[in-house]
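Coordinate analysis (summary)
Here are the chains, one letter per residue:
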Amino acid sequence: MFLVLEGLDGAGTTTQSERLVAALRARGGEVVQTREPTDGPVGLIIRDVLRGDQRAPSVETLPWLFAADRADHLTRKVEPALRRGAYVVSDRYYHSSLAYQSLTLPLEKVAALNDFRSPHITFFLDVPVDECLARITKRGGEREIYEQRDKLERIAAAYDKVLDLVEQRGETVIRIDGTGTPKDVHEAILAAVP
Ligand code: TYD
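Criteria and cut-off values
Residues numbered from 1 in each chain as written. Predicted model: local features only at pLDDT ≥ 70, side-chain atom pairs only at ≥ 80, totals over all residues. Heavy atoms only, no water. Pairing = 2+ DSSP bridges. Helix = DSSP H or I, 4+ residues; strand = E, 2+ residues; numbered from the N terminus. Axes fitted to C-alpha atoms, helices over the stretch in contact; angles between N-to-C directions. Buried < 20%, exposed > 50% of the residue type's maximum accessible area, 1.4 Å probe, protein only. Contact = heavy atoms within 4.5 Å. Near = heavy atom within 4 Å. Polar contact = N/O pair within 3.5 Å; in protein donor to acceptor, adjacent residues only side chain to side chain. Salt bridge = Lys/Arg side-chain N within 4 Å of Asp/Glu carboxyl O.

Moving on to the sheet that holds strand β1 (residues 2–6). The five strands lie next to each other as β2-β3-β1-β4-β5, forming an open sheet whose pairing is parallel. If you trace the sheet from one side to the other, it starts and ends with β2 (31–35) and β5 (173–177), each paired once. With direction set aside, neighbouring strand axes in the sheet form an average angle of 20°. Note: β2 against strand β3 (residues 87–91), five bridges, orientation parallel.

For the peptide bond that leads from Glu-36 to Pro-37, omega is -10°, which places it in the cis range. Notably, Arg-92 is not glycine yet its phi reads approximately 80°, a positive angle. As for its placement among the helices and strands, Arg-92 is situated in the loop between β3 and α4 (94–100).

A few words now on the environment of Phe-124. If you trace the backbone, Phe-124 turns up in strand β4 (residues 121–126). For Phe-124, a relative accessible area of 6% translates into the label buried. Note: C-alpha distance between Phe-124 and Ser-90 (34 residues apart in sequence) is 12 Å. Phe-124 has contacts with Glu-6, Gly-7, Tyr-159, Leu-163, Ile-174, Arg-175 and Ile-176, leaving out every residue within four places of it along the chain.

Mapped onto the elements, Glu-144 comes out in the loop between α6 (129–139) and α7 (149–168). Judged by relative accessible area, Glu-144 falls into the partly exposed class, the value being 27%.

Attention now goes to the site of the ligand. As a structural note, the neighbourhood of the ligand is formed by 15 residues, with Asp-9, Arg-47, Arg-70, Ser-97 and Gln-101 the closest of them. Between the ligand and the protein, one listed contact pairs an oxygen atom with a side-chain N or O atom of Arg-47 at 2.7 Å. Interatomic distance of 2.9 Å between a side-chain N/O atom of Arg-92 and an oxygen atom of the ligand. Of the residues forming the shell around the ligand, the biggest block, three residues, is contributed by α4.

The next thing to look at is the pattern of salt bridges. Tallied over the full model, the rule gives 16 salt bridges. Salt-bridge contacts for Arg-84 lead to Glu-30; the nearest nitrogen and oxygen are separated by 2.7 Å. A residue pair is termed long-range when its members are at least 10 positions apart, and Arg-84 in the loop between α3 (62–83) and β3 and Glu-30 in the loop between α1 (13–26) and β2 qualify at 54 residues. On the basis of relative accessible area, Arg-84 is assigned to the exposed category, the value being 52%. Classification of Glu-30 by relative accessible area gives partly exposed; the value is 35%. Between Arg-70 and Glu-36 there is a salt bridge whose closest N-O contact spans 2.6 Å. Here Arg-70, found in helix α3, pairs with Glu-36, found in the loop between β2 and α2 (41–51); they are 34 residues apart in sequence, far enough to count as distant. Exposure remark for Arg-70: the relative accessible area of 1% places this residue in the buried category.

Next comes the structure, spelled out in structure tokens:
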């Protein structure tokens, strides 16, 4: 079963994917924890772009870089794990591209680049932009290119559209209130995993 966690920067996808993986492992059976951008060769280039590294490719290449990273991710990691019967938990997948990259490229074009297998369940951690920004500030460190109020507001609106779109084509999306304690949010997610 292929499970995906989605949400704005600061929504808690990383914390919750760690907790979900630990809980599923405790049930027994193989669980593969993964994320996008990946730690593979294309993912490393993407992280340079997101940090604003001057030597990295331009921001305009991101829709293709994310799609290439995803193809690599599916081939090397996700598909083999699913064939073994494992649970795969991915921190972000193509919904992130459809939402984030549609800021710079029309949604239909981003969707055309992302004709990949759909997850069994996508959990969307719903957290208001103000709360995401507060968490990003508290976390400290360098900000990536999308971690600004105006961008996050546009990405939040894009996610609304994207989640409706994928539901219309038959995907299962579960919206979770991401403003509770990490434990509350975790329990809400786990309760929905078959
Ligand atoms: P993030 O999960 O925040 O990684 P990290 O915790 O290592 O910073 O993801 C990095 C950023 O990449 C985040 O702002 C979302 C963005 N992103 C896209 O724009 N498109 C995509 O397809 C994916 C997977 C991520």
